[in-house]
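Examining the three-dimensional arrangement
Chain residues, written in single-letter form:
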Amino acid sequence: MLELTILGFLYERPLHGYDLKDRIQGLSGHVRPVSDGALYPAITRMVKAGLLERRTEPGTSAAPRRTLSLTPEGRAELLARLRDPKDVEITDGQRFFTLLAFLGLLPDRAEQAAVLRRRQAFLNTPASFFYENGAPVRAEEEPDLFRRGMLRIARATGTAEKQWLTEALRELEAAPGADR
């Protein structure tokens, strides 16, 4: 997800590494903090792969500043990742939110809708944190107060997300130029 986030923020405009790190921190927050030990090697790999360009500019004081920008290959890679996300990017809530942060960069509304339909299908599959005899345990069946709380919170969140997905799909499919 780090690479997707880097591509997404640099699609918007070139950034210095520390600005990029701040934006990533804002998106992932305390859930998945990014360290310099993860960010800068990822940037180096992406520069070597031809997805990013790094330019050195004079600094406002004495130190030069490195600006990162996307190459045409980086733009193509971002759009490909948005168009066809990995299954884990659909099923993991935090990864899906990261994907969602950049899905609007995908210019085709039908492709945006296809990604949302995948998430909707996942959410409509019965699931639980806990299972009894192979069946998902419902909040009403759970005797443990705290597990019951987990299940109720997850259900409320899932219900809200399903409602939003239905509304978003309706809007995407009703928009002028929508393929469906």
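Before reading on, note that the structure itself is shown above.
This write-up is about the structure you can find in this document. Because the structure is predicted, anything quoted here is derived from the model rather than measured.

**Observations concerning the sheet that holds strand β3 (residues 65-70)**
- With antiparallel pairing, 3 strands are arranged side by side in an open sheet as β1-β3-β2. The outermost strands of the open sheet, each flanked by one partner alone, are β1 (15-16) and β2 (52-57).
- Across 6 bridges, the pairing between β2 and β3 is antiparallel. Each bridged residue has a counterpart across the sheet, and for Arg-55 the counterpart in β3 is Thr-67.

**Overview of the environment of Glu-173**
- Structurally, the position occupied by Glu-173 is in helix α8 (residues 145-174).
- With 33 residues separating them in the primary sequence, Glu-173 and Glu-140 have C-alpha atoms 37 Å apart.

**Some details on the packing of aromatic side chains**
- Tallying each qualifying case throughout the model produces 2 aromatic pairs.
- Relative to Phe-102, the ring of Phe-9 lies with its centre 5.0 Å away and its plane at 90 degrees, an arrangement referred to as edge-to-face. One end of the pair, Phe-9, is in helix α1 (residues 2-12); the other, Phe-102, is in helix α6 (residues 93-103), with 93 residues separating them in the sequence.
- In this structure Phe-102 comes out as buried when scored by relative accessible area, which is 1%.
- When the ring centre of Tyr-11 is taken as origin, the NZ or CZ atom of Arg-75, which lies over that ring, is 4.5 Å away.

**Structural notes on the side chain of Glu-142**
- On the secondary structure map, Glu-142 appears in the loop between β5 (135-136) and α8.
- Beyond its immediate sequence surroundings of up to four residues, Glu-142 is in contact with Phe-130, Val-137, Arg-147, Arg-148 and Leu-151.

**What to know about the packing of helix α7 (residues 109-123) against α8**
- Running from amino to carboxyl end, α7 crosses α8 at an angle of 155 degrees, the nearest separation of the two axes being 10 Å. Looking at the two axes, α7 sits roughly antiparallel to α8. The two elements α7 and α8 meet at a crossing, and its hand is left-handed. Along the contact surface, α7 presents Arg-109, Gln-112, Ala-113, Leu-116, Arg-117, Arg-119, Gln-120 and Leu-123, while α8 presents Glu-161, Lys-162, Trp-164, Leu-165, Thr-166, Ala-168, Leu-169, Glu-171, Leu-172 and Glu-173.
- Across the contact of α7 with α8, the residue classes tally to 8 nonpolar, 3 polar and 7 charged.

**Structural notes on helix α2 (residues 17-28)**
- Under the 1.5 Å per step criterion, the end-to-end length of α2 is 16 Å for 12 residues, consistent within 8% with the ideal 16 Å.
- When we look at burial in α2, the residues that qualify are Gly-17, Leu-20, Ile-24 and Ser-28. In an axial view of α2, the angular spread of the buried residues amounts to 60 degrees, which keeps them on one side of the axis. Away from its buried face, by an angle of more than 90 degrees, α2 presents the exposed residues Asp-22 and Gly-26.

**Details of the side chain of Glu-89**
- Take Glu-89: it is sitting in helix α5 (residues 87-91).
- No salt bridge forms around the buried Glu-89; measuring N to O, its nearest opposite-charge neighbour Lys-86 is 4.9 Å away.
- Beyond its immediate sequence surroundings of up to four residues, Glu-89 is in contact with Met-1, Arg-95, Phe-96 and Leu-99.

**A few points about the layout of surface pockets**
- For the largest pocket, the calculated volume is near 830 Å³.
- As for the largest pocket, its lining consists of 26 residues, and the residues nearest its centre are Leu-123, Ala-127, Ala-154, Arg-155 and Gly-158.
- Mapped onto the lining of the largest pocket, the elements with two or more residues apiece are α6, α7 and α8.
- The dominant element in the lining of the largest pocket, judged by the number of residues it contributes, is α8, at 9 residues.
- Tallied by class, residues from the lining of the largest pocket come to 12 nonpolar, 8 polar and 6 charged.

**So, the pattern of salt bridges**
- Applying the stated rule across the entire model yields 12 salt bridges.
- Asp-84 is the partner of Arg-118 in a salt bridge, and the nearest nitrogen-oxygen pair spans 3.9 Å. Of the two residues, Arg-118 is situated in helix α7 and Asp-84 in the loop between α4 (72-83) and α5; the sequence distance between them amounts to 34 residues.
- Given the relative accessible area of 59%, Asp-84 is considered exposed.
- A salt bridge links Arg-119 to Glu-161, with the shortest nitrogen-to-oxygen separation between them at 2.7 Å. Here Arg-119, found in helix α7, pairs with Glu-161, found in helix α8; they are 42 residues apart in sequence, far enough to count as distant.

What counts, and at which threshold
- Residues numbered from 1 in each chain as written.
- Predicted model: local features only at pLDDT ≥ 70, side-chain atom pairs only at ≥ 80, totals over all residues.
- Heavy atoms only, no water.
- Pairing = 2+ DSSP bridges.
- Helix = DSSP H or I, 4+ residues; strand = E, 2+ residues; numbered from the N terminus.
- Phe/Tyr/Trp six-rings, centres within 6.5 Å; stacked < 30°, edge-to-face > 60°.
- Buried < 20%, exposed > 50% of the residue type's maximum accessible area, 1.4 Å probe, protein only.
- Lys NZ or Arg CZ within 6 Å of the ring centre and 35° of its normal.
- Contact = heavy atoms within 4.5 Å.
- Axes fitted to C-alpha atoms, helices over the stretch in contact; angles between N-to-C directions.
- Parallel < 35°, antiparallel > 145°, perpendicular 65-115°, else oblique.
- Left-handed = near helix turned anticlockwise from the far one by under 90°.
- Nonpolar A, V, L, I, M, F, W, Y, C, P; charged D, E, K, R; others polar.
- Expected span 1.5 Å × (residues − 1).
- Arc of directions from axis to C-beta.
- Lys, Arg positive; Asp, Glu negative; His and termini not counted.
- Salt bridge = Lys/Arg side-chain N within 4 Å of Asp/Glu carboxyl O.
- 1 Å grid on protein atoms, 1.4 Å probe; cavity = no way out; pocket = protein on both sides within 12 Å on 5 of 7 lines; lining within 4 Å.
- Points joined across faces, edges and corners; volume = space filled by probe spheres on them.

Such coordinate-based values are descriptive only and should not be taken to indicate function.
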